[in-house]
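Now for the letters of each chain:
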Amino acid sequence: MTHRTTLLDVVPLTRDTRHYVITKPSGYTFTPGQATEVAIDRDGLRDETRPFTFTSDPDADVLSFTIKSYFDHDGVTKELHSLKAGDSLLIGDPWGAIADNGPGVFLAGGAGITPFIGILSARARSGTLSGSTLVFANATERDIILRPLWEGMDGLVTVFVVEEESSGLRTGRIDEALLDSVIDDWGQRFYLCGPPKMEEHVAEILEKRGVPSDRITREE
Ligand SMILES: Cc1cc2nc3c(=O)[nH]c(=O)nc-3n(C[C@H](O)[C@H](O)[C@H](O)COP(=O)(O)OP(=O)(O)OC[C@H]3O[C@@H](n4cnc5c(N)ncnc54)[C@H](O)[C@@H]3O)c2cc1C
């Protein structure tokens, strides 16, 4: 089912990522980590649906998404970046994506952080963050989405990894050395979301350390 919604507010988070707040259709429900298909309600774009993850509190009166735009080609995310409050968006019903299966290590790359915004924020609200670690990889320090939110979450251990050297942050990518230095229990749950190559590489490391695939939560 398609729902017509109105863009209420847009908040820039990084050079290419913005927070979009939209009206919530009556009776619309979702769980943290779920996604839906989104299209711009404009001639020629209504059929161009793309999946995005809800980042709002399911109990809030509005819905929100955190969306990274790719300016190097004429796709939907580039168009989204030009939208203003009052514009109309079409959204579908919520579906699967990543579910909260308990405390663990959340491994994110770039916009792959979005399912964890919903899941970790819900845990923060219910005071159940203890025992969870966020390892968040980005190209540069200024690409880190919502850094103050992560650093302010009581009970969450945060490890930021950036490719460009930056004071106080780990330099490089999520590799064996980094994971060995951060993880002391390979028996816990792992969540993985990021660019396909990053996910493949990190999944291989987890497998090498003996983590069974049913302990790794990622998008199917
Ligand atoms: C379940 C799920 C949830 C998601 N949730 C989010 C979210 O919450 N926030 C978010 O930011 N993203 C999210 N994504 C990713 C998001 O759906 C994509 O970034 C989006 O669909 C890209 O749309 P587009 O029209 O801009 O790019 P498309 O045209 O669909 O292209 C997709 C990719 O192909 C490459 N590409 C295609 N054509 C070119 C070209 N000419 N030049 C260079 N590169 C090219 C780009 O890397 C681009 O990212 C999610 C994805 C999934 C599967």
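Residues numbered from 1 in each chain as written. Predicted model: local features only at pLDDT ≥ 70, side-chain atom pairs only at ≥ 80, totals over all residues.

*Asks:* Can you tell me about the sheet that holds strand β6 (residues 88-91), naming the residues and giving the values?
*Replies:* Reading across from one edge, β4-β3-β6-β1-β2-β5 is the order of the six strands in this open sheet, with antiparallel pairing throughout. Looking at which strands have only one partner, the edges of the open sheet turn out to be β4 (50-53) and β5 (62-68). Mean inter-strand twist for the sheet, computed between neighbouring axes without regard to direction, equals 45°. (Pairing = 2+ DSSP bridges. Helix = DSSP H or I, 4+ residues; strand = E, 2+ residues; numbered from the N terminus. Axes fitted to C-alpha atoms, helices over the stretch in contact; angles between N-to-C directions.)

*Asks:* Break down the domain arrangement of the protein for me, citing the residues and quoting the values.
*Replies:* Where interface size is given, it is often the accessible area lost as the parts come together that is meant. According to the domain assignment, the protein contains domain 1 (3-91) and domain 2 (104-218). If you average the C-alpha positions of domain 1 and of domain 2, the two centres end up 24 Å apart. Facing twelve residues of domain 1, the contacting portion of domain 2 comprises 13 residues. Of the residues belonging to the side of domain 1 that touches domain 2, the class tally is three nonpolar, six polar and three charged. (Domains from an automatic or database assignment. Contact = placed C-beta atoms within 7 Å. Nonpolar A, V, L, I, M, F, W, Y, C, P; charged D, E, K, R; others polar.)

*Asks:* Can you break down the site of the ligand residue by residue, with the values?
*Replies:* What surrounds the ligand is a group of 20 residues, the closest being R50, H73, G75, T77 and T114. Those elements giving two or more residues to the shell around the ligand turn out to be β4, β5 and α1 (76-80). Of the residues in the shell around the ligand, the class split is nine nonpolar, six polar and five charged. (Near = placed C-beta within 6 Å.)

*Asks:* So what's going on with the sheet that holds strand β12 (residues 216-218)? Residues and values would help.
*Replies:* The sheet built from six strands is open, its strands ordered β10-β9-β8-β7-β11-β12 with parallel pairing. Each edge of the open sheet carries a strand with a single partner, namely β10 (170-171) and β12. Bridge count for strand β7 (residues 104-109) against strand β11 (residues 189-193) is five bridges, and the pairing is parallel. Across the sheet, residue F106 finds its bridge partner in β11, namely Y191.

*Asks:* Lay out the nonpolar core with the relevant residues and their values.
*Replies:* One broad trend across soluble globular proteins is that nonpolar side chains are buried collectively. By size, the foremost hydrophobic cluster in this structure holds 46 residues, and its most contacted members are F106, L107, F116, L134, V135, F136 and Y191. When we break this core down by domain, the ones giving at least three residues each are domain 1 (3-91) and domain 2 (104-218). Those residues within four positions of L134 in sequence are excluded, and the remaining contacts are F106, F116, L120, W150, L156 and T158. (Core = buried A, V, L, I, M, F, W, Y, C linked by C-beta atoms within 7 Å. Buried ≥ 20, exposed ≤ 12 C-beta atoms within 10 Å, placed from the backbone.)

*Asks:* Let's hear about the environment of I205: which residues, and what values?
*Replies:* Turning to its location among the elements, I205 is positioned in helix α5 (residues 196-208). When the C-alpha atoms of I205 and I174 are compared, they prove to be 9.7 Å apart, with 31 residues separating the residues in sequence. Those residues in contact with I205, other than ones at most four positions away along the chain, are E176 and L179.

*Asks:* Account for unusual backbone geometry, naming residues and giving values.
*Replies:* At A97, a position not held by glycine, the phi torsion is positive, near 60°. As for its position among the elements, A97 is in the loop between β6 and β7. Accessibility expressed as a C-beta count within 10 Å gives 23 for A97, which makes it buried. The phi dihedral of L146 falls on the positive side, at around 60°, and the residue is not glycine.

*Asks:* A description of helix α2 (residues 114-126) should follow, citing residues and the corresponding values.
*Replies:* For α2, spanning 13 residues, the distance from its first C-alpha to its last is 19 Å, which sits close to the expected 18 Å at 1.5 Å a residue. Directly after α2, the chain includes G127, whose backbone phi takes a positive value near 70°. (Expected span 1.5 Å × (residues − 1).)

*Asks:* Before we move on, can you summarise the pairing of strand β8 (residues 132-138) with the specific residues and values?
*Replies:* A regular strand places its side chains so that they alternate between the two faces of the sheet. Within β8, six of the seven residues are buried, leaving the element largely enclosed by the surrounding structure. Taken together, the five bridges between β7 and β8 define a ladder with parallel strand orientation. Along β8, the bridge assignment pairs F106 with L134. Crossover handedness for the path β7 to α2 to β8: right-handed. Of the pairings in the sheet, the one linking β8 to strand β9 (residues 156-162) comprises seven bridges and is parallel in character. What sits directly across from L134, in β9, is T158. (Right-handed = clockwise from strand over helix to strand, strands pointing away.)

*Asks:* Go over the environment of G194, please, and point to the residues and values.
*Replies:* Considering the arrangement of structural elements, one finds G194 in the loop between β11 and α5. Taking the C-alpha atoms as reference points, G194 and A111, separated by 83 residues in sequence, lie 6.8 Å from one another. Not counting residues up to four positions away in its chain, the partners in contact with G194 are A108, G109, G110, G112, A137 and E199.

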